[in-house]
Amino acid sequence: MGNLLAYSGTSTKIRGMRRKLLTAKDFQHLASLTSVSDAIGFLKTKSAYAGIFANSNENSLHRGEIEKMLTNAIYTDFQSIYRFATIHQRKILDLYFRRYEIGLLKTCMRMVFDHRDVELNFDIFKDFFEKHSDINLTALSNCKTLDEFVSLLKGSIYYRPLSLLSGLSEPTLWDYEMALDLCYFKWFWDSRKKVLTRDEERIFMDDYGVKMDLLNIRWIYRSKHFYNMSNADVYAHLIGIQYRLQTSQIKEMVEAATTDELTAAIRNTYYGRHFPEEAKLSLDDAYYQIRYRVQRKNAKEDPFSIAVIISYLYEKEHEVDDLTTTLECIRYGLPTSETQKYISNLKRGCNR
C-alpha cells in the first residue's frame, strides 16, 4: 500500500506524459517528408515539442540548434517529473541526473576538440542544472584547451579519471568520453545502496546492469571487428561491473579468434539465450530492443514504482535519438523506405 500511495501520483503523471510520445504513424509521416523545415513544422503540432519550437522559425534553424532543442525536450520532461516527485523519488532521480551531467560535459568537450567558438544557450535548464550540480557549465563551455577544461573539474568525481589521461601521448576525444562513462558507472554502483530500497535496486539493476552488460558486449564486438585491438586493450576499456554476464563469458568473447566465434560466444550468454529473436538484428539494434523490452516489462509488472519513471525517460531519450536520425535522413534526401530502416520506433513495431 505504501508503494501505491507513494507512486500513484507520479504514475498518473507519467501516463499523461507517455500519451504525448510520438507514435509509429508519426514517424512514418516524418519519414515521408522532404525537408527539415516541414519536419519541424510537423513537430510544432505535437504537444511534446510545440513549446520547444514555439518561438523558432523552422526555415532558419540550423542543425546544431535543432539538436539542442530536441535534447532540451528531454531535460524539460525530467524537470517536470522531478518537480512532481516525492523527496525519496528525487533522491533516486538525482542518481539518474548524473547521466545528463555527463552528456553536457561531453558536449562541452567536443567543442574544445573541434575548436568551436560557439556560445551554448543553456537557459532552458540552467537554473535546474545549477541546483543539482556543482559544475560551472558556463565556464566549461567557454574553455579553449583540455587542460583548462579538466582543471575546472577539480573537486568533482570527474577530475581524477580525466587528469590521468594527461599521461597518454595523444589522448583522443574517445578516451575522454570513455573515462567519463566509466567514472559514472562506478559512481552509480557505489552510490546506489545509499538511496535505493531492495525492490528499487532490483529495478535499477535491470536498467543499469543490463545496460552495462550490453555496452560491454557492444564494445568487445566493435573493438575486435572494427579496430582490431589487442585483447589487453579490450580488457582495459571494459566496464568493470557484471550483471548477467559471467567472467568466463567475458573471457570467451574477448579472446574469440574470429567474428563467427565471437557471435557464437554472444549467443551463449544470458542475452543470446533469453532474447534469441534479437540475434537477427544488428548489435546496436539488439541493444536498444533488449533494453526497451526489459524496462517496459518492469513498468508493467511494477506500475507503482520507479520502473515507470525509468521506462518513460528511456523511451523519451530514444525518441529524441530517432528524431535526430530521421532529420538527418531527410537532410540528406534519403527516400522514405530507406529512412524508415533507421528508425528504431518502427523496427520494434511500436503502435503507441
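All figures in this text were calculated on a predicted structure; none of them were measured in a lab.

Cut-off values and rules
- Residues numbered from 1 in each chain as written.
- Predicted model: local features only at pLDDT ≥ 70, side-chain atom pairs only at ≥ 80, totals over all residues.
- Heavy atoms only, no water.
- Axes fitted to C-alpha atoms, helices over the stretch in contact; angles between N-to-C directions.
- Helix = DSSP H or I, 4+ residues; strand = E, 2+ residues; numbered from the N terminus.
- Parallel < 35°, antiparallel > 145°, perpendicular 65-115°, else oblique.
- Polar contact = N/O pair within 3.5 Å; in protein donor to acceptor, adjacent residues only side chain to side chain.
- Contact = heavy atoms within 4.5 Å.
- Left-handed = near helix turned anticlockwise from the far one by under 90°.
- Nonpolar A, V, L, I, M, F, W, Y, C, P; charged D, E, K, R; others polar.
- Disulfide = S-S within 2.5 Å.
- Salt bridge = Lys/Arg side-chain N within 4 Å of Asp/Glu carboxyl O.
- Buried < 20%, exposed > 50% of the residue type's maximum accessible area, 1.4 Å probe, protein only.
- 1 Å grid on protein atoms, 1.4 Å probe; cavity = no way out; pocket = protein on both sides within 12 Å on 5 of 7 lines; lining within 4 Å.
- Points joined across faces, edges and corners; volume = space filled by probe spheres on them.
- Phe/Tyr/Trp six-rings, centres within 6.5 Å; stacked < 30°, edge-to-face > 60°.
- Lys NZ or Arg CZ within 6 Å of the ring centre and 35° of its normal.

Asks: An account of the packing of helix α6 (residues 87-114) against helix α11 (residues 173-195) is requested, with residue identities and associated values reported.
Replies: Helix packing geometry: the angle between the two helix axes and the distance between the axes. The contact between α6 and α11 brings their axes to 11 Å, and the two run at 170°. Between α6 and α11, the angle is such that the two are roughly antiparallel.

Asks: Run through the side chain of R98, naming residues and quoting values.
Replies: Following the sequence through the fold, R98 ends up in helix α6. A distance of 2.9 Å separates polar atoms of two side chains, one belonging to R98 and the other to E101. Other than its neighbours up to four places away in sequence, R98 contacts I157, Y158, Y184 and W187.

Asks: I'd love a proper account of the packing of α6 against helix α18 (residues 306-331), names of residues and values included.
Replies: The contact between α6 and α18 brings their axes to 11 Å, and the two run at 15°. In terms of orientation, α6 lies roughly parallel with respect to α18. Our pair here, α6 against α18, has a crossing hand that is right-handed. Counted together, I92, L93, Y96, R99 and Y100 of α6 and I306, I309, I310, L313, Y314 and E317 of α18 form the full contact between these two elements. A class-by-class count of the residues in the contact of α6 with α18 yields 9 nonpolar, no polar and 2 charged.

Asks: Can you break down the state of the cysteines residue by residue, with the values?
Replies: Under the definition given, this model contains 0 disulfides. With no disulfide of its own, C183 lies closest to C108 among cysteine sulfurs, the gap being 16 Å.

Asks: How would you sum up the pattern of salt bridges? Please name residues and give values.
Replies: Considering all chains together, one arrives at 25 salt bridges under this definition. K44 is paired through a salt bridge with E58; the nearest N and O atoms lie 2.7 Å apart. Separated by 14 residues along the polypeptide, K44 in the loop between α3 (36-43) and α4 (47-53) and E58 in the loop between α4 and α5 (63-84) bring together distant segments of the chain. Under the relative-accessibility criterion, E58 is labelled partly exposed at 22%. Here the residues in one salt-bridge network are R63, E67, E328 and R331, joined through shared partners.

Asks: Give a description of the layout of surface pockets that names residues and reports values.
Replies: If you add up the space inside the second largest pocket, you get close to 430 Å³. In this structure, the second largest pocket is lined by 21 residues; those nearest its centre are I266, L281, S282, L283 and A286. Elements with a minimum of two residues in the lining of the second largest pocket: α12 (198-225), α15 (259-267), α16 (270-274) and α17 (283-301).

Asks: Break down the environment of Y271 for me, with residues and values.
Replies: Along the chain, Y271 falls in helix α16. By relative accessible area, Y271 is classed as buried at 4%. Each C-alpha atom, one on Y271 and one on I217, is 9.9 Å from the other, the two residues being 54 residues apart in sequence. Not counting residues up to four positions away in its chain, the partners in contact with Y271 are G209, V210, D213, L214, I217, Y243, R244, L245 and I290. Polar side-chain contacts of Y271 include one of 2.6 Å to the side chain of D213.

Asks: Describe in detail the side chain of T10, supporting the description with residues and values.
Replies: Its place among the elements puts T10 in helix α1 (residues 2-18). The class for T10 is buried, based on a relative accessible area of 4%. Once you skip the residues sitting within four places of it in the chain, T10 turns out to touch F84, Q89 and I309.

Asks: Before we move on, can you summarise the packing of aromatic side chains with the specific residues and values?
Replies: One pass over the full model with this rule turns up 18 aromatic pairs. Aromatic pair F78 and Y100: ring centres 5.1 Å apart, planes at 85°, arrangement edge-to-face. Taken together, the residues F78 in helix α5 and Y100 in helix α6 connect sequence positions 22 residues apart. Taken as a pair, F78 and Y100 share a single burial class, namely buried. Each ring, one from Y270 and one from F275, has its centre 6.3 Å from the other, and the planes form 70°; the classification is edge-to-face. Take Y270: its relative accessible area is 19%, and that puts it in the buried class. A cation over a ring is seen here: R98 above W187, with NZ or CZ 4.3 Å from the ring centre.

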